[in-house]
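As a plain string of letters, each chain reads:
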Amino acid sequence: MKCSVLTLVGADQAGIVAAVTDALYKQGCSLAQASMMRLGANFAIMLRVSHDEAKDLRNILSEICENMSLHLHIDEDVDTDVLRPDPDVQVTVYGADRNGIVAQVTSALAVAGLNIIDLETDLGGTKDKPIYIMTLEGLATKGVESLQNALNALNSDIEVNLDEINTLRG
Amino acid sequence: MEILTYPDQRLKQISESVESIDKDVLNFIHELEQARMAGPGAVGIAAPQVNNFQRIVIVDVSDMRKPVDNHGHLIMINPEIAAWDGMHMGREGCLSVPDFTGNVIRAEKIKLNYMDETGETHEFESSGFEARAIQHELDHLDGLLFLDRLVSRRSDLFKRKNYKK
Ligand SMILES: [Zn+2]
């Protein structure tokens, strides 16, 4: 077995997810992880697929990509399940929209030891008064205090919240 | 003692109240505690997780890396939550669902009553992480897993859901 990461992007239209996953399923490929979302007028699919060495994923998806005008990108991945870190911090950020919020926050956090596992941002509010919202989860490799200090030093025009994720096991 | 893992359908079974605390029950509680201790970092365990369908759970959050409010080592027989207050999202994993964690909304504070292993009844309030652990374990007694209550990370910010009993 082999593992690949697929990225598919194209104009959003009905049935993309079903078409892509059905084609893979019929060829015996199995989905390990998936993240899909609408980005503006586009739809983006990221899949981690495990499959037989002999399967040509590009070939399997070529017809769908052509019919639906999807761009396909394929990367090989290592076939392992140990690369699954559990996040230990969660950060939410919001404020009046301006350029550079993500860059500023993530740069500060990166220096302070944050390893981002998952990040999402979106715009809300009204057209003339947009607000920016970001949520992320990650690993605090240099401790939580280091991250908190980094966030405290950020511009005061954004609201930032850091929460420790204390995973319960039972 | 073997831990049942999902998709074993026995985990969806509803457990029965304990009628009397006899020697078998006490022996079982001892074994249940052994199973909890063997689980990596488990703060709680419920009888159905080891294929025993009696309403018995053990919760102990007194030994966390980062200390939380707690009532010590709790052996709870026929536990019942009498009141819920507030809600909070937190990350949960389960001995019966290996290699996956997810966000779940739980009541922030609960009032509950239970019987301990000597048959004495207790009523107390618990909040925060301990309350979460208790709710997680009590769910097992009703055939519910944290998977039945998953929410996305965004929902905490934007659409707090009502806590479903
Ligand atoms: Zn559990």
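Overview of the structure. (Residues numbered from 1 in each chain as written. Chains lettered and ligands numbered in written order. Predicted model: local features only at pLDDT ≥ 70, side-chain atom pairs only at ≥ 80, totals over all residues. Heavy atoms only, no water.)

Turning to helix H1 (residues 23–38) of chain B, a few remarks are in order. Residue and element names in this part refer to chain B. With 16 residues, H1 extends 23 Å from end C-alpha to end C-alpha; this agrees with the ideal 22 Å at 1.5 Å per step. Among all positions in H1, only Val-25, Phe-28, Ile-29, Leu-32, Glu-33, Ala-35 and Arg-36 are buried. All buried residues of H1 lie within an arc of 160 degrees about the axis, which places them on one face of the element. Residues of H1 that are exposed and point more than 90 degrees away from the buried face comprise Lys-23, His-30, Met-37 and Ala-38. Those residues of H1 that are buried are in contact with strand S1 (44–46), strand S2 (56–59) and strand S3 (74–94). Residue Asp-22 occupies the N-cap position of H1, its side-chain oxygen lying 3.2 Å from the main-chain nitrogen of Asp-24. (Helix = DSSP H or I, 4+ residues; strand = E, 2+ residues; numbered from the N terminus. Expected span 1.5 Å × (residues − 1). Buried < 20%, exposed > 50% of the residue type's maximum accessible area, 1.4 Å probe, protein only. Arc of directions from axis to C-beta. Contact = heavy atoms within 4.5 Å. Polar contact = N/O pair within 3.5 Å; in protein donor to acceptor, adjacent residues only side chain to side chain.)

The next point concerns the sheet that holds strand S5 (residues 89–96) of chain A. Residue and element names in this part refer to chain A. Strand order in the open sheet formed by four strands is S6-S7-S5-S8, with antiparallel pairing between adjacent strands. Every other strand in the sheet has two partners, leaving strand S6 (114–125) and strand S8 (158–164) as the edge strands with one partner each. Within the sheet, the average angular offset between the axes of one strand and its neighbour, ignoring direction, is 15 degrees. Pairing analysis gives eight bridges linking S5 to strand S7 (residues 130–140), with the strands arranged antiparallel. Bridged to Val-93 within S7 is Met-134. In this fold helix H3 (residues 101–111) packs onto S5, S6, S7 and S8, with an angle of close to 20 degrees to the strand it touches most, S7. Strands in contact with helix H4 (residues 144–152) are S5, S6, S7 and S8; relative to S8, the strand with the most contacts, it is inclined by about 175 degrees. (Pairing = 2+ DSSP bridges. Axes fitted to C-alpha atoms, helices over the stretch in contact; angles between N-to-C directions.)

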